[in-house]
Amino acid sequence: MAKIKIVGVSGSLRQQSFNTALLRNVAGLLPADAELLIYRELAELPLFNPDIDALEATPAVAHWRAALRAADAVIFSTPEYAHGVPGALKNALDWVVGSGELVDKPMLLFSASSSPTGGDKASAHLAGTLQVMTGAIIEGGELCVGSVGKKIDANGRLHDEATITLIQAMLLALLEQIKTNRAAELSMS
Ligand SMILES: Cc1cc2nc3c(=O)[nH]c(=O)nc-3n(C[C@H](O)[C@H](O)[C@H](O)COP(=O)(O)O)c2cc1C
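Residues numbered from 1 in each chain as written. Predicted model: local features only at pLDDT ≥ 70, side-chain atom pairs only at ≥ 80, totals over all residues. Heavy atoms only, no water.

This paragraph deals with the packing of aromatic side chains. The tally for this structure, following the rule as stated, stands at 2 aromatic pairs. Seen in terms of ring centroids, Tyr-39 and Trp-64 are 4.9 Å apart; in terms of plane orientation they differ by 50°. Their pairing is tilted. Of the two residues, Tyr-39 is situated in strand S2 (residues 34–39) and Trp-64 in helix H2 (residues 59–69); the sequence distance between them amounts to 25 residues. A residue is classified by how much of its surface remains accessible, and Trp-64, at 0% relative accessible area, is buried. (Phe/Tyr/Trp six-rings, centres within 6.5 Å; stacked < 30°, edge-to-face > 60°. Helix = DSSP H or I, 4+ residues; strand = E, 2+ residues; numbered from the N terminus. Buried < 20%, exposed > 50% of the residue type's maximum accessible area, 1.4 Å probe, protein only.)

Right under this line is the structure:
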């Protein structure tokens with residue numbers, strides 16, 4: 001079986017981002033037959049414009065769409081800005097509403113914040129947007145990591161055992177769904 005490809009999308013452009021660090025830790029929790037590629041080019045995307053949506057608007061848009069198309073699943077990890085989803089992430093999602101790369105795509109949603117609530121409002125906004133785009137959020141596949149500065153150290157290592165255990169369970173469910181989808185695709189071909 002071809003290696004399972006998961007794309008990680010951090011909603012933070014910050015160099016020392018906890019959310020990006022969380023995704024790097026997730027990569028280390030995956031089994032050998034799966035890999036997580038972190039998409040780092042959200043800042044290259046132009047502001048969404050419906051006038052040019054139907055075209056492969058720019059090479060950055062084409063690259064973003066191709067990365068999602070090639071993935072078996074997507075894991076988002078986002079900060080909360082002013083009780084919402086950061087503009088860079090929302091902009092990236094707007095580019096794939098019409099083109100449909102996230103339709104039926106299995107996905108997990110993480111949010112990490114220095115606040116104890118873990119960015120729960122951003123997580124809810126993100127879930128609402130992805131649901132309307134008909135992404136397949138895994139049951140129990142949303143995790144808000146509060147007080148993240150106490151759980152990820154200065155080297156970006158996630159050391160909070162409870163969070164690691166939760167993420168491992170979520171990854172198991174995600175991998176199970178990917179395998180089910182692949183089997184269904186095979187039986188149809
Ligand atoms: C402009 C701005 C607005 C923020 N608004 C919120 C907020 O509404 N709720 C929250 O929990 N944290 C808020 N934060 C804190 C970030 O969510 C927190 O610093 C988080 O760790 C940033 O994610 P990152 O480390 O991945 O960049 C805000 C931070 C910034 C810079």
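A few words on the packing of helix H1 (residues 18–29) against helix H5 (residues 161–188). Running from amino to carboxyl end, H1 crosses H5 at an angle of 65°, the nearest separation of the two axes being 11 Å. In this structure, H1 crosses over H5, and the sense of that crossing is right-handed. In this structure, H1 contributes Leu-22, Val-26 and Leu-29 to the contact, and H5 contributes Ile-164, Ile-167, Gln-168 and Leu-171. (Axes fitted to C-alpha atoms, helices over the stretch in contact; angles between N-to-C directions. Left-handed = near helix turned anticlockwise from the far one by under 90°. Contact = heavy atoms within 4.5 Å.)

As a structural note, the neighbourhood of the ligand is formed by 14 residues, with Ser-12, Arg-14, Ser-17, Asn-19 and Glu-80 the closest of them. Between Ala-82 and the ligand, the recorded distance is 3.0 Å, taken from a backbone N or O atom to a nitrogen atom. A distance of 2.9 Å is found between an oxygen atom of the ligand and a side-chain nitrogen or oxygen belonging to Ser-115. Tallied by class, the residues present in the shell around the ligand amount to 5 nonpolar, 7 polar and 2 charged. (Near = heavy atom within 4 Å. Polar contact = N/O pair within 3.5 Å; in protein donor to acceptor, adjacent residues only side chain to side chain. Nonpolar A, V, L, I, M, F, W, Y, C, P; charged D, E, K, R; others polar.)

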